[in-house]
Every structure is written in structure tokens, then in C-alpha cells.
Amino acid sequence: MQGSEPMCRASPGPLLLSLALLALGGAAQAQTVSAQEAALLERIRLLEQRLEQLERQARPAARPAAARGASAAPGAGAAPAPSAPASPPPVRLSPQSPAPPPSPQAGAPLPAVQASAIGRQGAEAEEVPQEAFIFRDQAVTLRPGRFEASFDLGYARHRRTLSADRLLTGTATLRAGVMEGVEASLSLPFFHSTRAIETGPGLVSDRELTRLGDIALQVNIRGWGERELRPGAVFSLGVVAPTGPSPFLRPPQGLTEQAIPVDPLRLYNARGAWAVRLGAQFFKTFDPIMVFAGASYEHAFEAERQGVAFQPGRRINYNAGMSFAMSERSTLGLSFLGSYTTRLRAGGIAYRPTAMETGALRFALVQKMAESLWVEPSLVLGLVQESPSFQLGLGLRYRF
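Source: prediction; values computed, not measured.

Caption draft 1: Main features of the sheet that holds strand S13 (residues 344-346). Spatial strand order, S9-S10-S13-S14: four strands in an open sheet with antiparallel pairing. In the strand order of this sheet, the two ends are held by strand S9 (303-305) and strand S14 (349-351), each with one partner. Between one strand axis and the next, the sheet turns through 30° on average, direction left out of account. Note: strand S10 (residues 308-311) against S13, two bridges, orientation antiparallel. From the neighbouring strand, phenylalanine 310 faces S13, where its bridge partner is alanine 346.

Caption draft 2: Summary view of the environment of methionine 356. By the element assignment, methionine 356 lies in strand S15 (residues 356-370). Take methionine 356: its relative accessible area is 35%, and that puts it in the partly exposed class. Each C-alpha atom of the pair methionine 356 and glycine 313 lies 9.7 Å from the other, and the pair is 43 residues apart in sequence.

Caption draft 3: Looking closely at unusual backbone geometry. At the junction of aspartate 287 and proline 288, the peptide bond is cis and its omega measures out at 10° in the coordinates. Mapped onto the elements of the fold, proline 288 is located in the loop between strand S7 (275-286) and strand S8 (289-300). Even without a glycine there, the phi angle at glutamine 306 is positive, about 55°. Along the chain, glutamine 306 turns up in the loop between S9 and S10. Classification of glutamine 306 by relative accessible area gives exposed; the value is 56%.

Caption draft 4: Molecular detail of the pattern of salt bridges. For the structure on display, the rule yields 14 salt bridges. Among the ionic pairs, arginine 175 bridges to glutamate 148, the shortest N-O distance being 3.0 Å. Taken together, the positions of arginine 175 in strand S2 (residues 163-179) and glutamate 148 in strand S1 (residues 147-159) put the pair 27 residues apart, joining distant regions of the chain. Each of the two residues, arginine 175 as well as glutamate 148, counts as buried.

Caption draft 5: A look at the pairing of S1. In the sheet, S1 pairs with S2 via 13 bridges, with the strands oriented antiparallel. Along S2, the bridge assignment pairs arginine 159 with alanine 164. The loop that links S1 with its antiparallel partner S2 comprises three residues. Bridge analysis of S1 against strand S17 (residues 390-399) gives 10 bridges, and the strand direction is antiparallel. Bridged to glutamate 148 within S17 is arginine 399.

Rules and cut-offs
- Residues numbered from 1 in each chain as written.
- Predicted model: local features only at pLDDT ≥ 70, side-chain atom pairs only at ≥ 80, totals over all residues.
- Heavy atoms only, no water.
- Pairing = 2+ DSSP bridges.
- Helix = DSSP H or I, 4+ residues; strand = E, 2+ residues; numbered from the N terminus.
- Axes fitted to C-alpha atoms, helices over the stretch in contact; angles between N-to-C directions.
- Buried < 20%, exposed > 50% of the residue type's maximum accessible area, 1.4 Å probe, protein only.
- Salt bridge = Lys/Arg side-chain N within 4 Å of Asp/Glu carboxyl O.

Here's what the structure looks like:
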């Protein structure tokens, strides 16, 4: 029995080896966890440093007025120059740890808050979308210092009981961005009109007239921009000069209530008197649609012709419609155009038949052809007797 005891006694070597391996494994695992925690702490420290640097960049560069006054006082020492933020030391990270964000350097992108603020300011300074071209004469679409030259060509036909009218018009317009939210325009219209009148059974007389129309100067001012529940607004002020031919005449037998003192044998595209115009236009965007509506009042001053004082009728113009952005380069527009002109007065006599109301539907396409060039074909259909039966138009716009 005593000889067999050494065989039954357990050897301590394997047990000690196992305990040593467990201790080494726990130490290695603890070291790995400690390394990861150190890397995370270092990353947090770097993020805090970057946040402090961004806050310093966002602060105004100028010191308070009191500090400026103290530094500018005679005998005061020069203020020390602000020290540049120290670059964080390089950190060696384990493969599992993500790399820390780079510290901001000169020329690096601005923080998201500053970038968004600058983006909003830039958006306000940019030109409005071309959906506003559908109501171009009542909109502000140019930045300060920018110009737009346009030429609009139109052909209209109208048939009455005893006459048939043809009208060819061409309008050259120069627009300029005066300041932020203010735009000025100068329009020079030309026209060639033909009126065929039945003077008797089988007898037709044609009268033609080619002249310069009334020159108009207008200023559009953006009142306010769009909000979530409020449309944007543009206000306009215009002056019309009577550079076109006067339609007024004095009948040989003198003024009577039966004889209207207007030449019926010619088709005029002019007011014949100085006039001022005040208007307001409202618009709201529901992407990709923009809806708009507006009105203007035009007051014509008294004009004297052949010793007779003529008072043209006051006029109210109104419009409403919508534009649809098919793409960044193509826009469709549908609008209703109407006006009402009160009766003419001459020599104290009011001529009721001269009061008239017009109404038409306008279909237009605005197509951007190049970076600064647009083409705008249009079709206008008359809805009442005083409006032309139809009118075809083509506009060209160039910005520089």
C-alpha cells in the first residue's frame, strides 16, 4: 500500500498552469478594455476641442465696444493677438476604434448652422424661379446689378359686325435690378394695325397705321416674401407717356352726345394721355405649382386736343392664374387677364358707349434655352366681344 501512494497523489503542475493562463487571459482582456476606453475618451476629448474651436469661430471677431474704447485710449498697450487653437496630438487607435473627426482648418467647410444661415441668405439673393415669368410684368426676378433685355412679338385678329382688325405688336423692354427687392423696367412698344370697314354693300375700306405706342416706366417693389400661411407680395408703380398717336378728334359739327369724338376708322394701341399706374400682385408656391392673382389701377390725366379737354376713362386691370414647373427648364402657365375702362369724357359730356370690359385666357410656355436665354410662346383667346378673338405671341428674354 505504501508503495502505491505516489501513483494516487495528484500532480500540482497542470492546476498551476491553468490558473496562470486564466490570470494572463483576464489581464489581456482588461488591457484591451482599458485601451478601448482610453481611445473613446481621447475621441471625446478631440470632439470637445473641435466644438470649442467652432464656438470661437462663430463668435463675432470684434470685441465689445468698451474693450475697443479701452484699447484705443492713449497710452494703452496693444492687445495681445489671439493665439491660434492648438492642433490636437496624433492618437494611435486600435482597429476597432473609428478615426476622430479632423480639426477645422483654414478653408474648411463651415459648421452646419453657419452654412444653413448663409444658404438662406444666398437663396434670398438669388433670382426667383422662372414660374414667376408667367406674370413677369408684376414680379421681381432680378438681383441688384443684373439686367434683362426682352422682345415680345404679338399678332392679334378680331372680327366685328362691320369691321375686321389685325394688329401686329412688338415691345422691347429693358429691366434692371436696382437694389434688393426692387426692379425697374422701361418698355417701348411698336404696332402696325389694319382695320377693314364695310362702308356699303360690297364696299370695304382699309385703314393702316404704323406708329410707336405709349412708352411705360415701371418700378416693382417686393413687399414681403412667402411664408407657410401667407403669400408673397409685389407692389408696382408705373408712368405711361403719351408717345403714341392720339385717338381723339373734334367732330366738324362740334361735340354732341351722339357723335363719339374718337376716330373709328383707325385701330389705335395708345391711350392718348399721361397716366399713372398702381398695382399689387400676390403669389404662393405649392411645389411644383405657383398660384398668383393681382390687380392694378390706372388713372389717365386730362389731355387737350384741338381746343377740347378729353378725360380718358379710368382703368382697372386684374389677373389670376397658375404656373406649373414641368422641369427645371420648362414651365407651363395659364392665366386670366381682364380689364375694365370707364367712359370717356370730352367737353363735359360723358360717352357711355366708350366704357368697355375685356377678358381673355392666356396659355404660355417658358422654356430655358441656355444659361441666360429664355423663349416664351403664348396663345391668348378672347372671352368677350371687346377682346381680340385670338392673339399669338413669342417672347425672347436675355439676362446679363
